[in-house]
Amino acid sequence: MSDFSAGTPVPVRRRPSFYRRNKLVITPLLFIAPAFAMFSLFVIYPIIQSIALSFTQWQGIGPKTFIGFDNYRQLWDDPVFWKALVNNIYWLVLFLLAPVIGLFVALFLNQKVFGIRLVKSLFFFPFVVSQIVVGMIFTWFYDPSFGLIAAIIEPLGWTIPSILADENWATIGVIFAGLWPQTAYCMILYLTGLNSVNPEIVEAARLDGAKGWRLLVFIVLPQLKAATFIAIVVTIIGALRSFDLVAIMTEGGPYNSSNVLAYYMYDNAIFRYRVGYAAAIATVLFMIMNVYIAWFLMRLLKSEKGSH
């Protein structure tokens, strides 16, 4: 029997290209690459540059002088730095009132009555207003001569101190100004969360005799866990990066009593020409934020694992 296949060339299978073999990995990376390049250029590189600057003495122009950890040693002995750090802690503690107040405002607004949409829009208003406008409004409120608070309590025979000029009250006054828009934001989060609360579970709990605080704590709040988590995260970040209201209302005064880390960094860089020192303050604030972000990511991963 003759072999007809003798002499016929056997087709050689070409190996798939590198891209075809790895396209499930490469294709997403190609889509991410432009965004990652922009992120690296405008976020990662400035962070690295700022950390490098913290080891130098520089006035913003001219040559930089490497001084090692001297800026950090000065921070350790700087009473204004410690005052700013303590004020940031005050911001952190008092700002956590925003999720609590926002929850109760959301519960109040979560009704089907005539005109409730108008009331909701009035409560939502502080969130869309610029921080500069908020600062100016509260500066007028606190004014002891013609402010709203003075106009309310003076007929009662009381006098109001100059809050923003008092070392003991300036920080509290600025924080309460910041609570106004922050509470509005938390209210929006809770209003959104209340729309996803299962009414059947609520009705079943009411039939079993649950009402008031018990209904809120054991039935409603567990269903608002996601909204609460986001509200607390955003509030803590807002407290740590507080700057605009301090800049508008007190400029860190009087006598640095209302200073915070972000404004103290700005003051040293722009007005005192101590860019290296300002970079050291920024690095410390960045490290504090990193601790919190690491905790946040760990909690997020735990919640994701628990949901599967």
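Residues numbered from 1 in each chain as written. Predicted model: local features only at pLDDT ≥ 70, side-chain atom pairs only at ≥ 80, totals over all residues. Heavy atoms only, no water.

Draft legend 1. Examining the overall build of the protein more closely. Each helix and strand in the protein was counted, giving 15 helices and two strands. Rg of the C-alpha trace for the protein: 28 Å, well past the compact-globule value of 19 Å for 308 residues, more than 25% over. Taking all 308 residues of the protein together, the buried fraction comes to 34%. Taken as a whole, the protein presents about 20300 Å² of accessible surface, with 69% of it coming from carbon and sulfur. Separation of charge centres in the protein, based on 22 positive and 15 negative side chains, amounts to 18 Å. (Helix = DSSP H or I, 4+ residues; strand = E, 2+ residues; numbered from the N terminus. Rg over C-alpha atoms; globule rule 2.2 N^0.38 Å. Buried < 20%, exposed > 50% of the residue type's maximum accessible area, 1.4 Å probe, protein only. Areas by Shrake-Rupley, 256 points an atom, 1.4 Å probe, with all protein chains shown as cover. Lys, Arg positive; Asp, Glu negative; His and termini not counted. Charge placed at Lys NZ, Arg CZ, Asp CG, Glu CD.)

Draft legend 2. Quick look at the pattern of salt bridges. Inspection of the entire model under this criterion finds three salt bridges. One salt bridge connects Arg 73 with Asp 70, and the closest N-O pair in it is separated by 2.5 Å. Of this pair, Arg 73 and Asp 70 both sit in helix 3 (residues 70-76), three residues apart, which is roughly one turn of the helix. For Asp 70, a relative accessible area of 32% gives the class partly exposed. (Salt bridge = Lys/Arg side-chain N within 4 Å of Asp/Glu carboxyl O.)

Draft legend 3. Representation of the side chain of Asn 88. Positionally, Asn 88 belongs in helix 4 (residues 79-95). Discounting residues that sit within four places of it in the chain, Asn 88 has contacts with Ala 239, Leu 240, Ser 242, Val 260 and Leu 261. (Contact = heavy atoms within 4.5 Å.)

Draft legend 4. Expanded view of helix 6 (residues 116-128). For helix 6, built from 13 residues, the straight-helix expectation of 18 Å at 1.5 Å per residue is met to within 8% by its first-to-last C-alpha distance of 19 Å. Most pronounced at Leu 122, the bend in helix 6 amounts to some 25°, and the proline Pro 126 follows within four residues. (Expected span 1.5 Å × (residues − 1). Bend = angle between axes of the 7 residues up to and from the residue.)

Draft legend 5. Local environment of the packing of helix 6 against helix 9 (residues 170-194). Across the interface, helix 6 lies against helix 9 with an axial gap of 7 Å and an inter-helix angle of 125°. Regarding the angle of helix 6 to helix 9, the classification is oblique. The element helix 6 and its partner helix 9 pack so that their crossing is left-handed. Residues Lys 120, Phe 123, Phe 124, Phe 125, Pro 126 and Phe 127 of helix 6 form the contact with helix 9, whose own contacting residues are Trp 180, Pro 181, Ala 184, Tyr 185, Met 187, Ile 188 and Leu 191. Along the lines of polarity and charge, the residues of the contact of helix 6 with helix 9 split into twelve nonpolar, no polar and one charged. (Axes fitted to C-alpha atoms, helices over the stretch in contact; angles between N-to-C directions. Parallel < 35°, antiparallel > 145°, perpendicular 65-115°, else oblique. Left-handed = near helix turned anticlockwise from the far one by under 90°. Nonpolar A, V, L, I, M, F, W, Y, C, P; charged D, E, K, R; others polar.)

Draft legend 6. Region of interest: unusual backbone geometry. With an omega of -5°, the peptide bond between Gly 253 and Pro 254 qualifies as cis. One non-glycine residue, Glu 251, lies in positive phi territory at about 55°. For Asn 256, which is not glycine, the phi dihedral falls at a positive 65°. Mapped onto the secondary structure, Asn 256 falls in the loop between helix 13 (244-249) and helix 14 (261-270). By relative accessible area, Asn 256 is classed as partly exposed at 25%.

Draft legend 7. Representation of the packing of aromatic side chains within the structure. By the definition in use, this model includes 17 aromatic pairs. The aromatic ring of Tyr 277 is capped on one face by Arg 274, whose charged end is 4.0 Å from the ring centroid. (Phe/Tyr/Trp six-rings, centres within 6.5 Å; stacked < 30°, edge-to-face > 60°. Lys NZ or Arg CZ within 6 Å of the ring centre and 35° of its normal.)

Draft legend 8. Representation of the environment of Ile 293 in the model. Relative to the helices and strands, Ile 293 resides in helix 15 (residues 275-307). With 143 residues separating them along the chain, Ile 293 and Ala 150 place their C-alpha atoms 42 Å apart.

Draft legend 9. Seen up close, the environment of Val 233. Positionally, Val 233 belongs in helix 12 (residues 225-240). The class for Val 233 is buried, based on a relative accessible area of 8%. C-alpha separation for the pair Val 233 and Phe 146, spaced 87 residues apart in sequence, amounts to 37 Å.

Draft legend 10. Representation of the side chain of Thr 250 within the structure. Relative to the helices and strands, Thr 250 is located in the loop between helix 13 and helix 14. We classify Thr 250 as buried; its relative accessible area is 12%.

Draft legend 11. Expanded view of the nonpolar core. By size, the foremost hydrophobic cluster in this structure holds 44 residues, and its most contacted members are Trp 91, Val 174, Tyr 190, Leu 224, Leu 245 and Met 249. Looking at which element gives the most residues to this core, the answer is helix 9, with ten residues. Residue contacts for Met 249: discarding those within four places in its chain leaves Gly 135, Phe 138, Thr 139, Tyr 142, Leu 164, Gly 173, Val 174 and Ala 177. Core analysis: the second largest hydrophobic core is formed by twelve residues, Ala 84, Leu 261, Ala 280 and Ile 281 among them. (Core = buried A, V, L, I, M, F, W, Y, C linked by side-chain atoms within 4.5 Å.)

Draft legend 12. Summary view of a nonpolar patch on the surface. On the surface, a cluster of nonpolar side chains totalling about 1200 Å² of accessible area is made up of Leu 24, Val 25, Leu 29, Ile 32, Phe 36, Met 38, Phe 39, Leu 41, Phe 42, Val 43, Ile 44 and Ile 48. Tracing the backbone shows Leu 41 in helix 2 (residues 23-53). (Patch = residues over 30% accessible without salt bridge, like charges linked within 9 Å, V, L, I, M, F, W, Y side chains within 5 Å.)

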